[in-house]
Amino acid sequence: MIEQKINEFFGDTESSGFGTGWWSGILSAFFGFLSLGGVLCLHFPQLLSTPDLRPHYPMHTLRVLIQCLIVAAILFGVISSILRKKKTLALTGMLLAIAATALGGSSVQINGAVHGGLAIGLDWFLLDLFLMALIYVPLERLWPQYPKQGTFRKDWTLDVVYFMSTHLPLQILSFLVLLPATQATKYLGVPVLQELIARMPWLLQFFFAVVVADIAEYFIHLALHKVPFLWRFHAVHHSSKALDWIAGSRSHFVDDTLVRGFILVPLMLGFSQSIILAYLIFVTLHATWTHCNFGLNAKWLEKFLVMPRYHHWHHTSQKESIDKNFAIHFPWIDKVFGTYYFPEEWPENYGLSGEEIAPDFFRQTIDPFIGKKRTP
Ligand SMILES: [Zn+2]
Ligand SMILES: [Zn+2]
């Protein structure tokens, strides 16, 4: 197992609390990895950066960010190597940062024009990983619902692979997702509706879009649970036995494509591009948030907005909550359709109930197509 190898290589028996050099080592390795990836993107923009994102990059800010990551990797590496007996993490972080510097660091010039064409979305992968980890990991470490779970819980590498799989081939995926929606607007676009919506204040348009999207999401999500052929794909998302921000990435590409496509079709009928873009950013942040290992409950807010405890009940393997809580933004949608389940406590068990799927990414991707069954 790759996880075991990683643990043996980097880990040790010393405490991993604050002040032990563990977190500084992790940060050094993480920042070192990001900085090297960033420098590689500067060297090979044609191959490694997403064409749709390139024109929007504030290059000066990104160069400063890469420089800061290099400095931070070295700094945290030094701290960790002073505090901790085993230096592997610190050395890895510092070596990655030194490699990034040796390759030209943040000042690598982009020569010649960069054209469209096939590319790997390494830039998007690194940026999103950095932003999501920056937002959610501190929240999960400060207020965890399951403190023993840890950031590097079982199967975390599998979820990193899923995260990569939805970011690196961004072009292919966004094509698959947008195709049904753009095709539909050709035939179903309603100019009167578009004009009507455009007259509302921006915030109201946005709120309305979230409602429309969540109702659409409700029905495709329900179908993913109730239609046996579709459940094969969605079962991958439900196979996580522990939830956190990155567990939300575990999703078969057919599942992702269907959900995004179904949400975008009604949105494209009447909403402007800026509202749809704002919604896509919102859904990424909110859907990730609902999977977080975050224990604080805000009772007054839970009634209106899906919070982690609500979506955790959707992921439980406990009988009483199977096929409940399909909504991803508003709990009242489940109330309306009779699928609401929200007790005071948190679930005890997560994962699939009475079935099992393959443990690795490759077979999880193939098995649903061929209908391969595994008995627990
Ligand atoms: Zn589900
Ligand atoms: Zn989920």
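Every value quoted in this text rests on a predicted model; they were computed, and no experiment measured them. (Residues numbered from 1 in each chain as written. Chains lettered and ligands numbered in written order. Predicted model: local features only at pLDDT ≥ 70, side-chain atom pairs only at ≥ 80, totals over all residues. Heavy atoms only, no water.)

Caption draft 1: Here's a closer look at the overall build of the protein. When you go through the protein residue by residue, the secondary structure sums to 17 helices and zero strands. A globule of 376 residues ought to have a C-alpha radius of gyration of about 21 Å, and the protein, at 22 Å, matches this closely. By its C-alpha atoms, the protein is 60 × 50 × 45 Å across when sized along the principal axes. Per-residue burial over the protein gives 47% buried out of 376 residues. Counting contacts in the protein only where the partners sit at least 6 residues apart, residues at least 24 apart contribute 78% of the total. When the accessible area of the protein is evaluated, it comes to approximately 19100 Å², of which 71% is carbon and sulfur surface. Where the 28 positive side-chain charges of the protein centre and where its 27 negative ones centre are 3 Å apart. (Helix = DSSP H or I, 4+ residues; strand = E, 2+ residues; numbered from the N terminus. Rg over C-alpha atoms; globule rule 2.2 N^0.38 Å. Buried < 20%, exposed > 50% of the residue type's maximum accessible area, 1.4 Å probe, protein only. Contact = heavy atoms within 4.5 Å. Areas by Shrake-Rupley, 256 points an atom, 1.4 Å probe, with all protein chains shown as cover. Lys, Arg positive; Asp, Glu negative; His and termini not counted. Charge placed at Lys NZ, Arg CZ, Asp CG, Glu CD.)

Caption draft 2: Fine view of the coordination of the zinc ion (ligand 2). Protein coordination at the zinc ion (ligand 2) comes from His237 (NE2), His291 (NE2), His311 (NE2) and His315 (NE2), with a distance range of 2.1 Å. Donor residues for the zinc ion (ligand 2), ordered by position in the chain, follow H-x53-H-x19-H-x3-H. Here His291 is found in the loop between helix H13 (273-290) and helix H14 (299-302), whereas its partner His315 is found in the loop between helix H15 (308-314) and helix H16 (331-337), with 24 residues between them in sequence. When sorted by exposure, His291 lands in the same class as His315, which is buried. (Donors = N, O, S within 2.8 Å, 3.2 Å for Na, K, Ca; no water.)

Caption draft 3: Main features of the coordination of the zinc ion (ligand 1). Note on the zinc ion (ligand 1): its protein donors are His221 (NE2), His225 (NE2), His234 (NE2), His238 (NE2) and His314 (NE2). The metal-donor distances range over 2.1 to 2.2 Å. Judged by relative accessible area, His314 falls into the buried class, the value being 3%.

Caption draft 4: How the structure looks around the state of the cysteines. For the coordinates displayed, the defined rule picks out zero disulfides. Free of any disulfide, Cys41 has its nearest cysteine sulfur in Cys68, 17 Å distant. Judged by relative accessible area, which is 46%, Cys68 ranks as partly exposed. (Disulfide = S-S within 2.5 Å.)

Caption draft 5: Focus on helix H7 (residues 156-167). Here H7 is 12 residues long and its end C-alpha atoms lie 17 Å apart, about the 16 Å a rise of 1.5 Å per residue gives. Buried within H7 we find Trp156, Thr157, Leu158, Asp159, Tyr162, Phe163, Thr166 and His167. (Expected span 1.5 Å × (residues − 1).)

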